[in-house]
Amino acid sequence: MRLVFAGTPEVAVPALEALLASDRHEVVAVVTRPDAPAGRGRRLVASPVAERAAAAGIEVLKPVKPSDPEFVARLTELAPDCCPVVAYGALLRDPALSIPVHGWVNLHFSLLPAWRGAAPVQHAVLAGDEVTGASTFRIEYGLDSGPVFGVITEEIRPGDTSGVLLDRLARAGAGLLTATMDGIEDGSLVPVEQPVDGITLAPKITVEDARIDWSHPALRIDRVVRGCAPAPGAWTLFRQERLKLSGPVKLLPGESTLKPGELAVGKNSVRVGTGSHDLELGEVQPQGKKPMRAADWARGARIESGETLGA
């Protein structure tokens, strides 16, 4: 099939590479979000998908909106059989949606209908799910509601952050998306409507969602730290300045000996109280500084036991 691939961030690159390597399909162009400011200089930078496509000598389209007449006209000229999508980041509507013969097929990182929305992996970690996965489905007007072509499953390991889990899903999902293109091309795949039961939503995680409430149980706090890593990053307040928890925390056995948010500083460790068990902090990142071991932070800040994290 003639494919026009739509994607933007690094997580979409493995799928693009898998399709480029396929001997059954031809990626004739890539659609991605416009260049965005990045770094201290805030200079415009092309997306990871745009950079990979340019390196492969593929035409790169960067419409502000997929409804832009110039983009619609060019997509019509390209006459794709199908448009595979991975984390493109823009809403798809007609007329662009109806141009490819086999529609737009999205690789979504959840077991649909669970976790429809922008942050499925983060919400799976936050909810304490033991298993997640990826699904390919035909895009319709509803939010991730189209019929499903195929799924893969992936175990969520105890120490997984959202970033680590998403990296595994991106690599495994690349194979699923390629197999879906193969099945659509040879007619062996027929999409199945999603069940009406089991629908959960996964809206974008906000900075406020990532704020630690130390009165919560330790297990819940561990999930927030892992679920919000690497972005937006779990955080708390210390001496009225923001402190990011950039590394994993360790759940300590036994009943809590500290009040929620209370710190206990040892020679090589920093413990903090929660609503249940104590936690040992991993890496932290004080405001305006680089990530560091919690023990090094405590020494540098001359923290005394009994000081607290939080409001």
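Since the structure is predicted, the reported quantities are computational estimates derived from the model, not experimental observations. (Residues numbered from 1 in each chain as written. Predicted model: local features only at pLDDT ≥ 70, side-chain atom pairs only at ≥ 80, totals over all residues. Heavy atoms only, no water.)

With respect to the pattern of salt bridges
Then, number 1: The tally for this structure, following the rule as stated, stands at 15 salt bridges.
Then, number 2: A salt bridge links Arg-52 to Glu-17, with the nearest nitrogen and oxygen atoms 3.2 Å apart. One end of the pair, Arg-52, is in helix α2 (residues 48–55); the other, Glu-17, is in helix α1 (residues 13–21), with 35 residues separating them in the sequence.
Then, number 3: On the basis of relative accessible area, Arg-52 is assigned to the partly exposed category, the value being 28%.
Then, number 4: For Glu-17, a relative accessible area of 37% gives the class partly exposed. (Salt bridge = Lys/Arg side-chain N within 4 Å of Asp/Glu carboxyl O. Helix = DSSP H or I, 4+ residues; strand = E, 2+ residues; numbered from the N terminus. Buried < 20%, exposed > 50% of the residue type's maximum accessible area, 1.4 Å probe, protein only.)

As for the sheet that holds strand β15 (residues 279–280)
Then, number 1: Read across the open sheet, the 4 strands follow the order β12-β15-β14-β13; overall the sheet is antiparallel. The outermost strands of the open sheet, each flanked by one partner alone, are β12 (250–251) and β13 (263–265).
Then, number 2: Sheet analysis places β13 next to strand β14 (residues 270–272), joined by 3 bridges and oriented antiparallel. Along β14, the bridge assignment pairs Leu-263 with Val-272.
Then, number 3: Packing of helix α7 (residues 294–301) onto the sheet brings it into contact with β13 and β14, and relative to β14 it is tilted by some 95°. (Pairing = 2+ DSSP bridges. Contact = heavy atoms within 4.5 Å. Axes fitted to C-alpha atoms, helices over the stretch in contact; angles between N-to-C directions.)

Here's the deal with the packing of aromatic side chains
Then, number 1: Applying the stated rule across the entire model yields 1 aromatic pair.
Then, number 2: Consider the rings of Phe-238 and Trp-297, whose centres lie 5.2 Å apart with planes at 75°: the pair is edge-to-face. Placement of Phe-238 in strand β10 (residues 235–238) and of Trp-297 in helix α7 is noted, with a sequence separation of 59 residues between them.
Then, number 3: Residue class for Phe-238 comes out buried when judged on its relative accessible area of 8%.
Then, number 4: The aromatic ring of Trp-235 is capped on one face by Arg-242, whose charged end is 3.9 Å from the ring centroid. (Phe/Tyr/Trp six-rings, centres within 6.5 Å; stacked < 30°, edge-to-face > 60°. Lys NZ or Arg CZ within 6 Å of the ring centre and 35° of its normal.)

Brief notes about the sheet that holds strand β8 (residues 131–138)
Then, number 1: Spatially, the 7 strands line up as an open sheet ordered β5-β2-β1-β6-β7-β8-β9, and their pairing is mixed. In the strand order of this sheet, the two ends are held by β5 (59–61) and β9 (148–155), each with one partner. Shown here is a sheet whose adjacent strand axes are inclined to one another by a mean of 20°, direction ignored.
Then, number 2: Sheet analysis places β8 next to β9, joined by 7 bridges and oriented antiparallel. Across the sheet, Thr-136 pairs through a bridge with Gly-150, a residue of β9.
Then, number 3: Against the sheet, α2 touches β1 (2–7), β2 (26–31) and β5, its axis set at about 155° to β5.
Then, number 4: Strand contacts of helix α5 (residues 162–186): β1, β6 (83–86), β7 (104–108), β8 and β9, with the helix running at about 155° to β9, the strand carrying the most contacts.

A look at the nonpolar core
Then, number 1: Residues Phe-5, Val-30, Val-86, Phe-109, Leu-177 and Met-181 are the most contacted members of the largest nonpolar core, which totals 35 residues.
Then, number 2: Listing elements by their share of this core, those giving two or more residues are β1, α1, β2, α2, β7, α4 (120–126) and α5.
Then, number 3: If you tally residues by element for this core, the top one is α5, at 8 residues.
Then, number 4: Every residue in contact with Val-30, bar those within four places of it in the chain, is listed here: Phe-5, Leu-16, Val-49, Ala-53, Ile-58, Glu-59, Val-60 and Leu-61. (Core = buried A, V, L, I, M, F, W, Y, C linked by side-chain atoms within 4.5 Å.)

As for the environment of Thr-274
Then, number 1: By the element assignment, Thr-274 lies in the loop between β14 and β15.
Then, number 2: Along the sequence, Thr-274 and Trp-214 sit 60 residues apart, while their C-alpha atoms lie 4.9 Å from each other.
Then, number 3: Ignoring any residue separated from it by four or fewer positions in sequence, one finds Thr-274 in contact with Trp-214, His-216, Pro-217, Ala-218, Ile-221, Ser-256, Leu-258, Lys-259, Pro-260 and Leu-279.
Then, number 4: Within the local environment of Thr-274, its side chain forms a polar contact with the backbone nitrogen of Ser-276, the two atoms lying 3.0 Å apart.
Then, number 5: Only 2.5 Å separates the side chain of Thr-274 from the backbone oxygen of His-277, close enough to count as a polar contact. (Polar contact = N/O pair within 3.5 Å; in protein donor to acceptor, adjacent residues only side chain to side chain.)

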